[in-house]
Amino acid sequence: MSFEGPAARALDTAVSRGADYADIRFENVRSERIEARNGVVATLSDTSSRGYGVRALVDGAWGFAASSDLSDAGIDRAASRAVAIARAGAAIARNRMGHAPAKTYTDRFATPVKRDPHDVPLGERVRLLLDAEKALHVSPKVSVGRAWMDLWTTDKYFYSTIGSKIEQRLSQTGSGIEAMAVGEGDVQTRTFPGDIGLYKAGGWEIIEQAQLAANAQRIGEEAVALLSAPQCPSGTFDIILGGSQVSLQIHESCGHPAELDRVMGWEANFSGVSFLEIEQLGRLKYGSDIVTIVIDNTLPEGLATVGYDDEGTKSTVSDIIRNGMLVGYEMSNDTARAIGRESNACVRAQSWEFVPMIRMCNLNLLPGDVPFENLFDDVKDGIYMESNRSWSIDDHRLNFQFGCEMAWEIKNGKRGRMLKNPTYSGMTPQFWNSCDAIADQDSWVAWGTPNCGKGEPIQTGRTAQCASPARFRNVLVGAGYRG
Amino acid sequence: MDSAERETLARKVLAFSDADQTEVLVWSANSALTRFTHNMVHQNVADADVSVRVRAIVGKRTGVAITNVLDDAALKDLASRAIEMARLAPEDPELPDLSAGGEAAAPEGAYVEQTAAAAPEARAQMCDAIFKTAEAHDYWCAGYVTTSSHGVTIVNSSGARASFDGTDSGVNVKMTADDSTGFAEGYDADVTRLDAHAIGARSAEKAKASARPRSVDPGEWTVILEPAAFGELFAYLAGHFSAQNFDEGSSFLSDGLDKLYLGENVTISDDYAHPLNPGMPFDYEGYPTKRLTLVEGGVAKNVVTDNYWAHKLNRENTGHGLPAPNAYGPQASHLVVAPGSKPLAQLIAETPRGLLITRFWYIRPVDQKKAVVTGMTRDGTFLIENGEITGGVRNMRFNQSIIEALKRCEFANALHRTGGYSYSLIVPAVKIDGFAFSSGTEF
């Protein structure tokens, strides 16, 4: 499908109404969700949504209007509304911060897909989840079993007044299982893979990677075992975090604070600001020498991988943290220009009705050189934690506290008994500077986060933080259960 | 799209379905938000959409399809897709028939034309009033002004027919000074009742009063939570009133109703018709929503149900369903905490040593059953000494059971509407003894 005609009409309307620059992004979105819950299919839905968003720049102020009305009148109304909104903002502006992008692209991009999920019969998809969910119920104590699958396909068409024409087909899939056990006055939950399932760019092959049925019995058994497991102790310990928990740690303590819009105060009233201030660029020792974190929006299977972002900027690879030093940010055109850099294509909108904004995209902790099992070797008295259960960090992104679903004690380099309710806390730079080992490529996973909230109106972003397990020294454990 | 147009659309789609039972839900929304930072608008947006959702039931099998493409071909395809999915779905032996609904009148004041028609210039002028307050103090402000209208129409093959139109508006301001911040908010279905200047001024007063913050030791403190802080905390209790969580053992009420769980001064209701937050009088299955007392004098009295959970637990349908079927269960989405008898100023005056907290941030559950949550203070935290506010303090992290906090609390006598992206509540300020902080910050 081509939207060139409606696009030309919208852009002409915007310019005739006074826009200095305009772009329009059409999207056809299809979302399918299946969720099995306690033996029945609790959700079986197929959602399609089609619409467009117009950005207009008037005298340095942006306006954005979105609509699902594809009639000529609807296109004219939305384009005019975007210009009127921009003009209203310009009328009270104290300074000018908006600028048109400089580069023009004509291109197509499609997520590599080995098997289209829609080629898999619906009955087969449902059966996979029902079988996995059933296997979670290893005991009457498993009060709730869940198994779910999401299939998302987005066709995007981007046009701008400087001549960009970009077509993209993005395919993303994910699935997971969860068991909630109730008993002995307690409630315990186990989730797999990771803490939210396995979400990646790709097709049915991503569902197969998750291996839900093969792991369901173990997950059910672990949820029940946690009910009678001893409480994780409080104190200062060396800790090893599983890969999905390292992924969330990157997300909260590096991904969000490195968003340049936050740094510049654009999220101050809601998501907050950032301790990674511009004056710290090239000066702050964020982490230890082995910590290198990069944005790679070209990564195969990365949940946030695209050809171009929603401002029409081509995807790139760039550094945020290099050998522990803060060297970069996630940027848009306007924010990059403000610090004398070029955008690194980190702008996304949830869907057609939302304004594009900076999102963390694929933000990856590069793997180390230690096999996973060897992370335990130098730990005399420590805790190994897996699968996030609770996450909280202050509005500068410094003081954090995370909880995990389960843990094991480590004694003299060996993994010991299972522990429940582990929490750990700290301050971001001290924590990352205490990282002294990162597991190697063999345990590096492109963990996707399909539910990242940011912005007002709030938008749900699909990000990824690729990571392997890592070790941290002298971390405060147990604050969540000590008060 | 008005309610008559939505109903015409819904009935057309209903006629396209030959499922055993069919429900059609039509949403329309038109919203705008002007967001600002550093005393200028940086994000100024609006969107409009209409979506149609079909739930088709074949025997005891269900399929759901949703679209916003409204031509006849797309709508016929929508009905066909829902039926096709239902035929491939496994049976749910406990699936009840669609309800026939009932009469449900919209509460007074739920829809205000001035809000629905608010222009970008009107929002800009409200922002400008806030900017001028910031500039007068040499502060900078960040926040938003928003206006919206929304409509919901539901019809089904059992005869349910329900329609609602509502509006909403909000102002949210964080004011930033050299070493302190302040926050204020306001929400109303009628945008003309929002005083943006006053909200901006209140946030500036908070920033000024919390300047040069000092550190205090973590540990157990007497706290007074203003409505924004208490609302953010209390929102994490909402799921416990769901019949689903109640039955499955994850609610703090799961040991049974008619038992004392909270302080005897705690009364909680769910009331869609409260004048501070008038909302939809029926649920997303078209069933009239009951105004319900959930906790009275600390004793659990009710949980909220939908058609499925009422049938499953042999309880009354209270009309709190989300679009069905779903994995989340029924939800209490119009919670009201009953006020106490004393003004907030008196609660402060009666506190020898404590903390006055404007707002919390990033609260997350730590322990589901015990309702232990963690989070941070932000944007205006103050030390109370000998009944007086003596200055700002640096922010701290807490780990606290909401249930235990509500066993040792005292409410102020005024109710306020407070909100976040996922909740809208009516609560008073509250004084809580023994609130547990675990660490601090340098700001």
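Residues numbered from 1 in each chain as written. Chains lettered and ligands numbered in written order. Predicted model: local features only at pLDDT ≥ 70, side-chain atom pairs only at ≥ 80, totals over all residues.

## A closer look at the overall build of chain B
Basically, it comes down to this: Helix and strand assignments come from DSSP, with helices taken as H or I runs of at least 4 residues and strands as E runs of at least 2, each series counted from the N terminus. Computation of the radius of gyration draws on C-alpha atoms alone. For the globule rule, the value is 2.2 Å times the number of residues to the power 0.38. Put simply, a residue is buried when 20 or more other C-beta atoms lie within 10 Å of its own C-beta and exposed when 12 or fewer do; between those, it is partly exposed, and each C-beta is set from the backbone.
Scanning chain B for helices and strands turns up ten helices and 19 strands. Taken over the C-alpha trace, chain B has a radius of gyration of 24 Å; the compact-globule value for 443 residues is 22 Å, and the two agree within 12%. Dimensions of chain B, computed from C-alpha atoms along their principal axes, come out at roughly 70 × 55 × 35 Å. Looking at chain B as a whole, 60% of its 443 residues qualify as buried.

## Considerations on the domain arrangement of chain B
Interface extent is often summarised as the accessible area lost during association of the parts. Residues and elements named next belong to chain B. Filter applied, for reference: For each domain, the first and last residues come from an automatic or database assignment. Working definition of a contact: two residues with C-beta atoms, positioned from the backbone, lying within 7 Å. Classes in brief: Ala, Val, Leu, Ile, Met, Phe, Trp, Tyr, Cys and Pro nonpolar; Asp, Glu, Lys and Arg charged; the others, Gly included, polar.
Domain boundaries in chain B define domain 1 (3-198) and domain 2 (213-443). Using only C-alpha atoms to locate each centre, domain 1 and domain 2 end up separated by 24 Å. Domain 1 puts 34 residues into the contact, and the matching count from domain 2 is 32 residues. For the side of domain 1 that touches domain 2, the elements supplying multiple residues, two or more each, are β2 (40-58), β4 (140-156), β5 (161-176) and β6 (181-188). A per-class count over the side of domain 1 that touches domain 2 returns 15 nonpolar, eleven polar and eight charged.

## Considering helix α3 (residues 122-136) of chain A
Which entries qualify depends on this criterion: A helix is expected to span 1.5 Å multiplied by its residue count minus one.
For α3(A), spanning 15 residues, the distance from its first C-alpha to its last is 22 Å, which sits close to the expected 21 Å at 1.5 Å a residue. Residues of α3(A) that are buried: R125(A), V126(A), L128(A), L129(A), A132(A), E133(A), A135(A) and L136(A). Tucked into the core, α3(A) has its buried residues touching β1 (21-37), β2 (40-58), β5 (142-160), β6 (165-183) and α5 (212-227) of chain A together with α2 (72-88) of chain B.

## Concerning the sheet that holds strand β10 (residues 293-296) of chain A
Residues and elements named next belong to chain A. The test is simple: When DSSP locates at least two bridges between a pair of strands, those strands are taken to pair.
Read across the open sheet, the four strands follow the order β12-β11-β10-β15; overall the sheet is antiparallel. With partners counted over all chains shown, the strands left at the sheet margins are β12 (325-326) and β15 (363-365), one partner each. Direction of pairing for strand β11 (residues 317-322) relative to β12: antiparallel, over a ladder of two bridges. Residue pairing across strands places R322 opposite M325, the latter belonging to β12.

## Focus on the interface of chain B and chain A
Listed by partner, the interface residues are 72 residues for chain B and 71 residues for chain A. Of all the elements, β2(B) adds the most residues to the side of chain B that touches chain A, at eleven residues. Relative to β2(B), strand β3 (residues 61-67) of chain A runs parallel, the two being bridged by four bridges. Following the sheet pairing, A65(A) is matched in β2(B) by A46(B).

## Details of the environment of A238(B)
All names here are of chain B. If you trace the backbone, A238 turns up in the loop between α6 (227-234) and α7 (243-248). Judged by the 20 C-beta atoms lying within 10 Å of it, A238 falls in the buried class. Spatially, the C-alpha atoms of A238 and H334 are 9.4 Å apart, while their sequence positions differ by 96 residues. With near-sequence residues (within four places) excluded, A238 lies in contact with Q331, A332, L335 and Y423.

## Some details on the domain arrangement of chain A
Residues and elements named next belong to chain A. Each assigned domain of chain A is listed with its residue range as follows: domain 1 (4-227) and domain 2 (235-481). Taken together, the 41 residues of domain 1 in the interface contact 34 residues of domain 2. The residue makeup of the side of domain 1 that touches domain 2, split by class, is 17 nonpolar, 16 polar and eight charged.

## Some thoughts on the packing of helix α1 (residues 4-16) of chain A against helix α2 (residues 72-91) of chain A
All names here are of chain A. Operational definition: Only the stretch in contact is used when fitting a helix axis, every axis being a line fitted to C-alpha atoms; angles between N-to-C directions are given from 0 to 180 degrees. Any angle that falls under 35 degrees is termed roughly parallel, while one over 145 is termed roughly antiparallel, one within 65 to 115 roughly perpendicular, and all others oblique. Handedness of a crossing follows from how the near helix is turned relative to the far one, being left-handed for an anticlockwise turn of less than a right angle and right-handed for a clockwise one.
Running from amino to carboxyl end, α1 crosses α2 at an angle of 40 degrees, the nearest separation of the two axes being 8 Å. Relative to α2, the element α1 lies oblique. In terms of crossing hand, the pair formed by α1 and α2 is right-handed. Mapping the contact onto sequence places P6, R9, A10, T13 and A14 in α1 and D72, I75, D76, A78, A79, S80, A82 and V83 in α2. When the residues that make up the contact of α1 with α2 are grouped by side-chain class, the tally is eight nonpolar, two polar and three charged.

## Thoughts on the pairing of strand β16 (residues 381-393) of chain A
Residue and element names in this part refer to chain A. Where burial is concerned, most of β16 is hidden: eleven out of the 13 residues are buried. Where strand β9 (residues 235-241) and β16 come together, four bridges link them in parallel fashion. Counted as the bridge partner of D238 is G382 from β16. Inspection of the sheet shows β16 paired to strand β17 (residues 399-411) by eleven bridges, in the antiparallel sense. Counterpart to E386 in the pairing with β17 is M406. Hairpin connection of β16 to β17: five residues between the antiparallel strands, including R397 at a positive phi of 75 degrees.

## As for the environment of A46(B)
Assignment of secondary structure puts A46(B) in strand β2. Note: C-alpha distance between A46(B) and N30(B) (16 residues apart in sequence) is 7.4 Å. In contact with A46(B), other than residues within four places in its own chain, are A65(A), R81(A), I85(A), S31(B) and A32(B).

## Quick word on helix α4 (residues 120-137) of chain B
Compared with the 26 Å implied by 1.5 Å per residue over 18 residues, the 26 Å span of α4(B) between its first and last C-alpha is a close match. Among the residues of α4(B), P120(B), R123(B), A124(B), M126(B), C127(B), I130(B), F131(B), T133(B) and A134(B) are the ones counted as buried. The inward-facing, buried residues of α4(B) contact α2 of chain A together with β1 (21-37), β2, β4, β5 and α5 (196-209) of chain B. A positive phi of about 60 degrees marks D138(B), the residue just after α4(B).

## Let's talk about unusual backbone geometry
Along the chain, F192(A) connects to P193(A) via a cis peptide bond; the corresponding omega equals -15 degrees. Among the structural elements, P193(A) can be located in the loop between β7 (186-192) and β8 (198-201). Residues A324(B) and P325(B) are joined by a peptide bond in cis, for which omega reads -10 degrees. Position of P325(B) relative to the elements: it lies in the loop between α8 (307-313) and β11 (335-337). Even without a glycine there, the phi angle at E301(A) is positive, about 75 degrees. Within the element layout of this structure, E301(A) appears in the loop between β10 and β11. The phi angle at N314(B) is positive, at roughly 55 degrees, despite the residue not being glycine. Checked against the element boundaries, N314(B) lands in the loop between α8 and β11. The exposure class assigned to N314(B) is exposed, which follows from the 6 C-beta atoms found within 10 Å.

## Comments concerning the environment of R202(B)
One can find R202(B) in helix α5. A sequence separation of 69 residues divides R202(B) from T133(B), and the C-alpha atoms of the two residues are 9.8 Å apart.

## Section: the packing of α3(A) against α5(A)
All names here are of chain A. Across the interface, α3 lies against α5 with an axial gap of 7 Å and an inter-helix angle of 20 degrees. Compared by their axis directions, α3 and α5 come out roughly parallel. By crossing handedness, the relation of α3 to α5 is classed as right-handed. Judged by residue contacts, L128, D131, A132, A135 and L136 of α3 engage L212, A213, A216, Q217, I219 and G220 from α5. Residues of the contact of α3 with α5, tallied by class, amount to eight nonpolar, two polar and one charged.

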